[in-house]
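Each chain, written out:
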Amino acid sequence: MSNHDLAIVILAAGKGTRLKSSRAKVLHRAGGRTLVEQVVRSCVPLKARETVVVVGHQAEQVAALVEPLGAVAALQQPQNGTGRAMQVARRPLGRAKSALVLPGDAPLVRPETLKALIAAHHNGNAAATILTAVLADPAGYGRILRKSETAVSAIVEESKLTDEQREINEINSAIYCFTLEKLWPALSQVKPNNKHRELYLTDAIGVMASKGEIVLAQVASDPREVLGCNTRADLAEVDRVFRERKRDALMDAGVTIQLPETVLIDPDVTAGEDTVIEPGVQLLGKTKIGARCTIRTGSVLNDAILGDDVTVEPHCVVAQSRLDDRVIIGPFARLRPDNHLKADSRIGNFVELKKSTIGEGTKAMHLSYLGDTKIGSKSNIGAGTITCNYDGFHKYPTTIGNKVFIGSDSALVAPVRIGDGAYIAGRFLHFPREFSSVYLAHRQHISVWIRTLNFSLRHIFCPASSCPVRIPRACVKIRVLAKLLGAATA
Ligand code: UD1
Ligand code: MG
């Protein structure tokens, strides 16, 4: 039978009472994705004719996650058991002859394992083939009753186990391959005879076996693949396995990870050869790291794009930003979204950036806020420089040219434009508007007051006709500046 005859059914309608959560179980996350997305993704390589996800609790949110992955949602209302959930999927399954059925809460299963299960089902000409696992602690799972070495007679749920059956450590993963023409009649004979009055899909196995149909069990070679997430502890364990797999894949690709168990990496993250990731790092979202980078301890990168030979010193936080080759940031740098740090630039400690471009070789090494700012190449932004980009109502840009020197403690009131080669020796402070005054200090601590009438501070700093304002090196030229500003010096 080709995959053209195979459909996939993912049972994802349950609430997940044991998680004690207002969120449906399959919307909880492990390994950087929701459980249901993980399961659908494991099935994509099987190229089945149809993937049906049975939804119920928070159906809209679940459907919105799986539909972009090519699945169709089928609504189960109320959620009265896995057997009923399977019946809900019947119509959307169309003309499929067999179905691979998976629970939405066992996301670790690999496509290769599913392919092997389907092959065993078809080769064995079975009515049902169950993926099972042998666990040291089988508590909480349905147990497999075998009638022979190869054949299964029933699945017994935990709540109905006899003392003898409790010793069985082969468990039902709730992943099965069914021949549908055998399943539907068996399922119609199942009765809801359990304390929840639910229809259990597991009971259809017993019905089929009692009718003499072939029911096989395929034991998973890695029992961790079938772990289900019924509790928060299960979620933590499944997340741990996903993270370990991701780290192993990166290490196989030539990345050094120190104390790997302390490093958390999302599934879409990539990193180049000889990159070193120190302990306690988090690489999140679609972060892409080039070759020979060093991400030092305690740093968190989310949707960051790093070139080659980039160094992220300890305890940096980077969101949605691009760092070109040989950039160095930190320690303790904070890059909020939409920054572009061009090659060889440096951002030092306690520097915050937002929507800013830092030109090639430019440095801002200490205690700064640069927001909505474009800086050219080889400029130096002194300690404590602040771009005042927000007047309480709107945000304004700051533009700084090439080879500019901004002295320590400068407050650049945006919108402002500072031309190539400008040199601001000291700091700008602005006083309340009534004074409309600007205090300009330079290296020799000479101060000049510029008094204006009926000019807002923004006009003082950036009259359109005088942009870019070139702040001269010598104090004498302050007059020129004053003229440019259309103001009188006091
Ligand atoms: C189920 C199996 C158990 C197996 C275990 C493996 C049954 C009766 N038991 O138990 O033998 O060892 O999985 O993890 O199947 N669901 C629906 N609609 C419903 C009820 C559940 O879609 O009405 C979905 C849930 O969202 C979940 C999946 O079915 O994704 C399994 O349900 P769950 O309650 O987790 O079953 P378990 O108790 O884990
Ligand atoms: Mg479960």
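Everything discussed here concerns the structure shown above.
Below is a short write-up of the structure. Quick caveat: nothing in here was measured; it's all calculated off a predicted structure. (Residues numbered from 1 in each chain as written. Chains lettered and ligands numbered in written order. Predicted model: local features only at pLDDT ≥ 70, side-chain atom pairs only at ≥ 80, totals over all residues. Heavy atoms only, no water.)

### Some points on helix α2 (residues 59-66)
- Those residues of α2 that sit buried are A59, V62, A63 and V66. Axial view of α2: buried residues confined to an arc of 100°, hence all on one face. Residues of α2 that are exposed and point over 90 degrees away from its buried face: E60 and A64. (Buried < 20%, exposed > 50% of the residue type's maximum accessible area, 1.4 Å probe, protein only. Helix = DSSP H or I, 4+ residues; strand = E, 2+ residues; numbered from the N terminus. Arc of directions from axis to C-beta.)

### Focus on the coordination of the magnesium ion (ligand 2)
- All of the protein donors around the magnesium ion (ligand 2) are D105 (OD) and N230 (OD1); their distances to the metal are 2.1 to 2.4 Å. Placement of D105 in the loop between β6 (98-103) and α4 (111-123) and of N230 in the loop between β11 (215-219) and α8 (232-252) is noted, with a sequence separation of 125 residues between them. A single burial state applies to D105 and to N230, both of which are buried. (Donors = N, O, S within 2.8 Å, 3.2 Å for Na, K, Ca; no water.)

### Let's talk about the pattern of salt bridges
- All chains considered together, the criterion is met by 22 salt bridges.
- Put simply, E244 and R224 hold a salt bridge, and the shortest N to O gap is 3.7 Å. Placement of the pair is E244 in helix α8 and R224 in the loop between β11 and α8, with a sequence separation of 20 residues.
- For E244, a relative accessible area of 23% corresponds to the partly exposed category.
- D324 serves as the salt-bridge partner of R322, at 3.3 Å between the closest nitrogen and oxygen. (Salt bridge = Lys/Arg side-chain N within 4 Å of Asp/Glu carboxyl O.)

### Remarks on a nonpolar patch on the surface
- Taken together, the side chains of F332, F350 and L367 present a nonpolar region at the surface, about 310 Å² in accessible area.
- Along the polypeptide, F350 turns up in strand β27 (residues 346-354).
- Overall, F350 belongs to the partly exposed group, its relative accessible area being 48%. (Patch = residues over 30% accessible without salt bridge, like charges linked within 9 Å, V, L, I, M, F, W, Y side chains within 5 Å. Areas by Shrake-Rupley, 256 points an atom, 1.4 Å probe, with all protein chains shown as cover.)

### Re the layout of surface pockets
- Empty space within the largest pocket amounts to approximately 1300 Å³.
- Lining the largest pocket are 42 residues, with R18, K25, T82, E198 and N230 sitting closest to its centre.
- Of all the secondary structure elements, the ones that give two or more residues to the lining of the largest pocket are β1 (6-12), α3 (82-88), β6, β10 (170-179) and α7 (201-210).
- Of all the elements, β10 adds the most residues to the lining of the largest pocket, at four residues.
- Along the lines of polarity and charge, the residues of the lining of the largest pocket split into 14 nonpolar, 19 polar and nine charged.
- In this model, the second largest pocket occupies a volume close to 430 Å³.
- Considering the residues around the second largest pocket, the lining is formed by 20 residues, among which R33, Q38, F242, R245 and P267 are closest to the centre.
- Elements with a minimum of two residues in the lining of the second largest pocket: α1 (35-43), α4 and α8.
- Sorting elements by how many residues they give to the lining of the second largest pocket places α8 first, with five residues. (1 Å grid on protein atoms, 1.4 Å probe; cavity = no way out; pocket = protein on both sides within 12 Å on 5 of 7 lines; lining within 4 Å. Points joined across faces, edges and corners; volume = space filled by probe spheres on them. Nonpolar A, V, L, I, M, F, W, Y, C, P; charged D, E, K, R; others polar.)

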